Protein chains: 2
Amino acid sequence: MDLYGSHINRLIEELQGLPGIGSKTAQRLAFHIVNMPKERVQSLADSMTEAREHVNYCRECCTLTDGELCPICRSEKRNHRQIMVVENPRDLAAYERTGRYEGVYHVLHGAISPMLGIGPNDIKLRELMQRLQGSDGEKNCDEVIIATNASVEGETTAMYILKLIRTLGLDIKVTRIASGVPVGGDIENTDEVTLERALLGRTEM
Amino acid sequence: MDLYGSHINRLIEELQGLPGIGSKTAQRLAFHIVNMPKERVQSLADSMTEAREHVNYCRECCTLTDGELCPICRSEKRNHRQIMVVENPRDLAAYERTGRYEGVYHVLHGAISPMLGIGPNDIKLRELMQRLQGSDGEKNCDEVIIATNASVEGETTAMYILKLIRTLGLDIKVTRIASGVPVGGDIENTDEVTLERALLGRTEM
């Protein structure tokens, strides 16, 4: 039996279309929304359509932003010759929270995944290559730090980017962020692959 | 530094106002929304404002519904002289999924909780009492099944409802759903209070 009527049902269905929202969460959210003051619901709905309307990719690093250039690409305090390549804007935000990185970013919006049918042309790789080479054919950057995830997709993407940069024939340093036991993690509960990586990546004390 | 610009920030803030949505989930949802096709975002936003606009309490049982009466209260197949009292529409939905209940419901929209400052007047108790008594002063119902949660608030509310119904002076049967070891649960991992309840509520085989 249809318990709630068409409007609530439609809202529940729409909410279930969002990532990580199952049928129970969608139900809980829907009931919360229909119990909210009307102006709060309007404000929530407007924030969605407005964000979608005004947000686009930064012309330089492809992250999501309001204007032509994102605040990081606009900043004169950042080192624009050091580019960290990340899979998505959330990874960028995570590195910004450390407060320890002074270069700029390049957001791929995904990683190469044959399993999911995501190829090199489906992520912002062409934009990265264009960015590395100036109009005069000279290199536009000194170091590319590849900070894709330590997953199969992330590693595949990292190797692919390295190969692409090498074919440019420019003397650009390409580095990969370290992989190892997380801070606060214990050896006993760390998986074998991570332990092996930690060993291979050991540094002198 | 402001990483995303005002529109995305506002969307993240709005989403964080929803129950069970923390800052990371809000970020993930916001990025998903700004990457959705425009018409899908519009549809999601509309479903919210429209549901809020059209939904109201059922005149009879106080559940959330589109029209004057909810589908259950409108149905002639249900036993309208057996009323199950639940805390919220999600509990109603849970009992409807069993497919084994043929009476109608009464939705309180909360439970009495001195801790949270929720008193008897803040939930739909007056509506329940009006419903039990016909305009001729005769009883309108044969049984009230109290299905509030097995929590302190739920038990308090159950006792309060029992007392209220007794003061009506009508011969209405009041029952409480059973409390005990859940199906599939094992004795070893069940807490003492539940075990005691299960013992007190034992039935002959």
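Preceding this paragraph is the structure being described.
All figures in this text were calculated on a predicted structure; none of them were measured in a lab. (Residues numbered from 1 in each chain as written. Chains lettered and ligands numbered in written order. Predicted model: local features only at pLDDT ≥ 70, side-chain atom pairs only at ≥ 80, totals over all residues. Heavy atoms only, no water.)

## Observations regarding the pairing of strand 5 (residues 143–146) of chain A
All names here are of chain A.
For step 1, the next point in the chain: Across the two faces of strand 5 the burial is the same, with Glu-143 and Ile-145 and Val-144 and Ile-146 all buried.
For step 2, the next point in the chain: Looking at chain direction, strand 3 (residues 79–86) and strand 5 are connected through 4 bridges and run parallel. Within strand 5, the residue paired with Val-85 across the bridge is Ile-146.
For step 3, the next point in the chain: With 4 bridges joining them, strand 5 and strand 6 (residues 173–176) adopt parallel strand pairing. Looking at the pairing, Ile-146 lines up with Arg-176 of strand 6.
For step 4, the next point in the chain: You can see the chain leave strand 5, run along helix 7 (residues 152–168) and come back into strand 6, and the turn it takes is right-handed. (Buried < 20%, exposed > 50% of the residue type's maximum accessible area, 1.4 Å probe, protein only. Helix = DSSP H or I, 4+ residues; strand = E, 2+ residues; numbered from the N terminus. Pairing = 2+ DSSP bridges. Right-handed = clockwise from strand over helix to strand, strands pointing away.)

## Focus: the pattern of salt bridges
For step 1, the next point in the chain: Taken as a whole and judged by the stated rule, the model has 18 salt bridges over all chains.
For step 2, the next point in the chain: Note that Glu14(A) and Arg40(B) form a salt bridge whose closest N and O atoms lie 3.4 Å from each other. Taken as a pair, Glu14(A) in helix 1 (residues 6–16) and Arg40(B) in helix 3 (residues 38–54) lie in two separate chains rather than in one.
For step 3, the next point in the chain: Overall, the relative accessible area of 12% leaves Glu14(A) in the buried class.
For step 4, the next point in the chain: Note that Asp142(B) is salt-bridged to Arg81(B), the shortest N-O span being 3.2 Å. Of this pair, Asp142(B) sits in the loop between helix 6 (125–132) and strand 5 (143–146) while Arg81(B) is found in strand 3 (residues 79–86), placing the two residues 61 residues apart along the sequence.
For step 5, the next point in the chain: Note on Arg81(B): relative accessible area 34%, which makes it partly exposed. (Salt bridge = Lys/Arg side-chain N within 4 Å of Asp/Glu carboxyl O.)

## Some words on the interface of chain A and chain B
Often the size quoted for an interface is simply the accessible area lost on bringing the parts together.
For step 1, the next point in the chain: Chain A puts 59 residues into the contact, and the matching count from chain B is 59 residues.
For step 2, the next point in the chain: Summing both sides of the interface, chain A and chain B together bury roughly 5,500 Å²; the carbon and sulfur share of this comes to 64%.
For step 3, the next point in the chain: It is His7(A), Met48(A) and Arg52(A) in chain A that bury the most area against chain B; as a group they hold 13% of the surface buried on that side.
For step 4, the next point in the chain: Scanning the region where chain A abuts chain B turns up 6 salt bridges.
For step 5, the next point in the chain: The partner of Lys38(B) in a salt bridge is Glu53(A), with the nearest N and O atoms 3.3 Å apart.
For step 6, the next point in the chain: The interface formed by chain A and chain B holds 18 residue pairs in polar contact (both at pLDDT 80 or more) in total.
For step 7, the next point in the chain: Broken down by secondary-structure element, the contributors of at least two residues to the side of chain A that touches chain B are helix 1, helix 2 (23–35), helix 3 (38–54), strand 2 (64–65), helix 4 (71–74) and helix 5 (89–98) of chain A.
For step 8, the next point in the chain: Broken down by element, the side of chain A that touches chain B gets its largest block of residues, 16 residues, from helix 3 of chain A.
For step 9, the next point in the chain: When grouped by side-chain class, the residues that make up the side of chain A that touches chain B number 28 nonpolar, 15 polar and 16 charged. (Contact = heavy atoms within 4.5 Å. Buried area = accessible area lost by both parts, 1.4 Å probe. Polar contact = N/O pair within 3.5 Å; in protein donor to acceptor, adjacent residues only side chain to side chain. Nonpolar A, V, L, I, M, F, W, Y, C, P; charged D, E, K, R; others polar.)

## Brief notes about the sheet that holds strand 5 of chain B
All names here are of chain B.
For step 1, the next point in the chain: As summarised here, the arrangement of the 4 strands in space is 4-3-5-6, forming an open sheet in which the pairing is parallel. Both outer strands of the open sheet, strand 4 (103–107) and strand 6 (173–176), are each paired with one neighbouring strand and no more. Going from strand to strand, the sheet's axes swing by 25° on average, the running direction of each strand aside.
For step 2, the next point in the chain: Each of strand 3, strand 4 and strand 5 touches helix 6; the most contacted strand, strand 4, lies at about 145° to it.
For step 3, the next point in the chain: The strands touched by helix 7 (residues 152–168) within the sheet are strand 3, strand 5 and strand 6, with strand 6 carrying the most contacts at an inclination of about 175°. (Axes fitted to C-alpha atoms, helices over the stretch in contact; angles between N-to-C directions.)

## Section: the packing of aromatic side chains
All names here are of chain B.
For step 1, the next point in the chain: Counted by the stated rule, this structure contains 2 aromatic pairs over all chains.
For step 2, the next point in the chain: Considering the side-chain rings of Tyr-101 and Tyr-105, the 5.2 Å spacing of their centres and the 65° angle between planes classify their relative orientation as edge-to-face. Accessibility classification places Tyr-101 together with Tyr-105 in one group, the buried group. (Phe/Tyr/Trp six-rings, centres within 6.5 Å; stacked < 30°, edge-to-face > 60°.)

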